[in-house]
Amino acid sequence: RISTNGWKPYVEMYRYIGLSCLSNNSKPVVFVKSRQIAGTTTALFIELFLLASGQFGTKTKSPIRIVHCFPQLEMAARFSKTKFNSAIATSLPVPAPKNPNKKISYLETKLDKTANSNDSLSFKQFAGGSHIFIESTGLTADRIRGITCDAMLFDEVQDMRRTAIDNAKKSLTQAQYGPKGNGIQFYFGTPKKKGSDYNKMWLASSQQYYHLGCEKCEKDFPLYTPGSDKWEKIWIEDNLPKDDKNHGFIVKCVHCGHEQNKIKATERGKWVAYNKDPDCLYVGFHLNQLFIPTFSRSRLLSEKP
């Protein structure tokens, strides 16, 4: 679940990327995040939805072809072993197709058992022919030059060379989903410095930040303002007992001063674009550790430089 528990900001990202498959005028997505914000997990769930939902590889729709790119090959192998394969094996158990008395992971029932290459760490094929390559760009993306795909997800993009990204995107020239010739593009990672290629992509995006929603005045207000510590006056120090479940999670509305639970305010929130240019090149989402629902105010202050 990604609602009622503080992870609501991800809903709009999932929705936009899912719908971009069906739209000819969608834009590439740039997700700027801090560490442990679940960017790779977000990409994983998007991929599994597209591959196993049954929307593609039907009589009326072609299979969808996905490439998940990492800067280095060992990162791709680690993702395949510890996250992708694990998500397939631990998904909801259902009765096995040929033996109802036996339980099997739901996603395992969606794999194409006739594809011998499904034992590979770098390739998985699903029913209907939809498939995913888990690869690395390296310095020039030569490894994936011969792959044709509909969607590319660039993981840890801050460590990729612009040349590698540009070469990799040529695999989308014959994409059957998303804007013609561009396909579906999702860039995400943790920025290292201003002036980098990744930072320039962010500046060319809609630059959306997540705003909380007040339960009293029903207005939205930012928790995080770029380059500012204003959040320390919004996410306030409360006087609640330490065993109170709300302790460490009280925010104060900047409009009416109402104090409320941060996670519930997140559920009422929305994304707000700071770049109003309708011709911006990307749809941009920005999330940092202030939005991790399990982190208290004191935990974040203790990590502040």
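Higher on the page you've got the structure.
Note that the coordinates shown come from a computational prediction; the quantities given were computed from them, not determined experimentally. (Residues numbered from 1 in each chain as written. Predicted model: local features only at pLDDT ≥ 70, side-chain atom pairs only at ≥ 80, totals over all residues. Heavy atoms only, no water.)

Draft legend 1. Structural context of the overall build of the protein chain. Across its full length, the protein chain holds nine helices and 14 strands. Over its C-alpha trace the protein chain gives a radius of gyration of 21 Å, about what one expects of a compact globule, namely 19 Å for 305 residues. Based on the C-alpha atoms only, the size of the protein chain along its principal axes is roughly 60 × 55 × 35 Å. Buried residues in the protein chain amount to 51% of all 305 residues. Pairs at least 24 residues apart make up 66% of the contacts formed inside the protein chain by residues separated by at least 6 positions. Total accessible area on the protein chain is roughly 15,600 Å²; 51% of this is exposed by carbon and sulfur atoms. Looking at charge distribution, the protein chain has the averaged site of its 44 positive side-chain charges lying 3 Å from that of its 28 negative ones. (Helix = DSSP H or I, 4+ residues; strand = E, 2+ residues; numbered from the N terminus. Rg over C-alpha atoms; globule rule 2.2 N^0.38 Å. Buried < 20%, exposed > 50% of the residue type's maximum accessible area, 1.4 Å probe, protein only. Contact = heavy atoms within 4.5 Å. Areas by Shrake-Rupley, 256 points an atom, 1.4 Å probe, with all protein chains shown as cover. Lys, Arg positive; Asp, Glu negative; His and termini not counted. Charge placed at Lys NZ, Arg CZ, Asp CG, Glu CD.)

Draft legend 2. How the structure looks around the layout of surface pockets. Its volume calculated, the largest pocket comes out at about 440 Å³. Along its surface, the largest pocket is lined by 16 residues, and Tyr 224, Trp 231, Asn 288, Leu 290 and Pro 305 are the ones closest to its centre. Broken down by class, the residue content of the lining of the largest pocket amounts to seven nonpolar, five polar and four charged. (1 Å grid on protein atoms, 1.4 Å probe; cavity = no way out; pocket = protein on both sides within 12 Å on 5 of 7 lines; lining within 4 Å. Points joined across faces, edges and corners; volume = space filled by probe spheres on them. Nonpolar A, V, L, I, M, F, W, Y, C, P; charged D, E, K, R; others polar.)

Draft legend 3. Representation of empty space enclosed by the protein within the structure. Taken as a whole and judged by the stated rule, the model has three cavities of 30 Å³ or more. Looking at the largest cavity, its volume works out to about 50 Å³. Looking at the largest cavity, the residues that line it are Ile 17, Ser 20, Ser 26, Lys 27, Pro 28, Val 29, Gly 178, Pro 179, Gly 183, Ile 184 and Gln 185. Classifying every residue of the lining of the largest cavity by side-chain character gives five nonpolar, five polar and one charged.

Draft legend 4. Highlighting the packing of aromatic side chains. Applying the stated criterion to the full structure yields 18 aromatic pairs. Each residue in the set Trp 7, Tyr 10, Phe 31, Phe 186 and Phe 188 is aromatic and connected to the rest through ring pairs, giving one cluster. Above the plane of the ring of Trp 235 lies Lys 262, whose end atom (NZ or CZ) is 4.7 Å from the centre. Across from the ring centre of Phe 295, 3.8 Å away, lies the NZ or CZ of Arg 299, which sits over that ring. (Phe/Tyr/Trp six-rings, centres within 6.5 Å; stacked < 30°, edge-to-face > 60°. Lys NZ or Arg CZ within 6 Å of the ring centre and 35° of its normal.)

Draft legend 5. Broad picture of the pairing of strand S6 (residues 131–136). Within S6, five of the six residues are buried, leaving the element largely enclosed by the surrounding structure. Pairing of strand S2 (residues 65–70) with S6, which is carried by six bridges, proceeds in the parallel orientation. Along S6, the bridge assignment pairs Cys 69 with Glu 135. Pairing of strand S5 (residues 123–125) with S6 involves three bridges; the strand directions are antiparallel. When the sheet's bridge partners are listed, Lys 124 is paired in S6 with Ile 132. Connecting S5 to the next strand, S6, in antiparallel fashion are five residues, including Gly 128 with a positive phi near 90 degrees. (Pairing = 2+ DSSP bridges.)

Draft legend 6. Up close: the environment of Ala 164. As for its position among the elements, Ala 164 is in helix H5 (residues 162–168). For the pair Ala 164 and Gly 138, spaced 26 residues apart in the sequence, the C-alpha separation amounts to 7.0 Å. In contact with Ala 164, other than residues within four places in its own chain, are Thr 137, Gly 138, Leu 139, Thr 140 and Ala 141.

Draft legend 7. Main features of the packing of helix H1 (residues 9–20) against helix H2 (residues 39–52). Remark: H1 packs on H2, axes separated minimally by 11 Å, with the N-to-C direction vectors making an angle of 40 degrees. By the angle between their axes, H1 is oblique relative to H2. In this structure, the crossing between H1 and H2 has a hand that is right-handed. From H1, Tyr 10, Tyr 14 and Ile 17 reach across to H2, where they touch Thr 41, Thr 42, Phe 45 and Ile 46. In the contact of H1 with H2, the residues fall into five nonpolar, two polar and no charged. (Axes fitted to C-alpha atoms, helices over the stretch in contact; angles between N-to-C directions. Parallel < 35°, antiparallel > 145°, perpendicular 65-115°, else oblique. Left-handed = near helix turned anticlockwise from the far one by under 90°.)

Draft legend 8. A look at the packing of H2 against helix H3 (residues 73–89). Their axes nearest at 11 Å, the elements H2 and H3 cross at an angle of 50 degrees. Comparing their axes, H3 and H2 come out oblique. Crossing of H2 against H3: the hand is right-handed. Seen from H2, the contacting residues are Thr 40, Thr 41, Leu 44, Glu 47, Leu 48 and Leu 51; seen from H3, they are Phe 79, Lys 83, Phe 84, Ala 87 and Ile 88.

Draft legend 9. Local environment of the side chain of His 286. On the secondary structure map, His 286 appears in strand S14 (residues 283–287). With a relative accessible area of 14%, His 286 lands in the buried category. Those residues within four positions of His 286 in sequence are excluded, and the remaining contacts are Val 32, Trp 202, Gln 208, Tyr 209, Tyr 210, Tyr 224 and Trp 271.

Draft legend 10. Expanded view of H2. Spanning 14 residues, H2 covers 20 Å between terminal C-alpha atoms, matching the ideal 20 Å at 1.5 Å per step. Buried residues dominate H2, accounting for 11 of its 14 residues. Regarding H2, the residues found buried are Gly 39, Thr 40, Thr 42, Ala 43, Leu 44, Ile 46, Glu 47, Leu 48, Leu 50, Leu 51 and Ala 52. Positioned one or two residues after H2, Gly 54 has a phi angle of 85 degrees, which is positive. (Expected span 1.5 Å × (residues − 1).)

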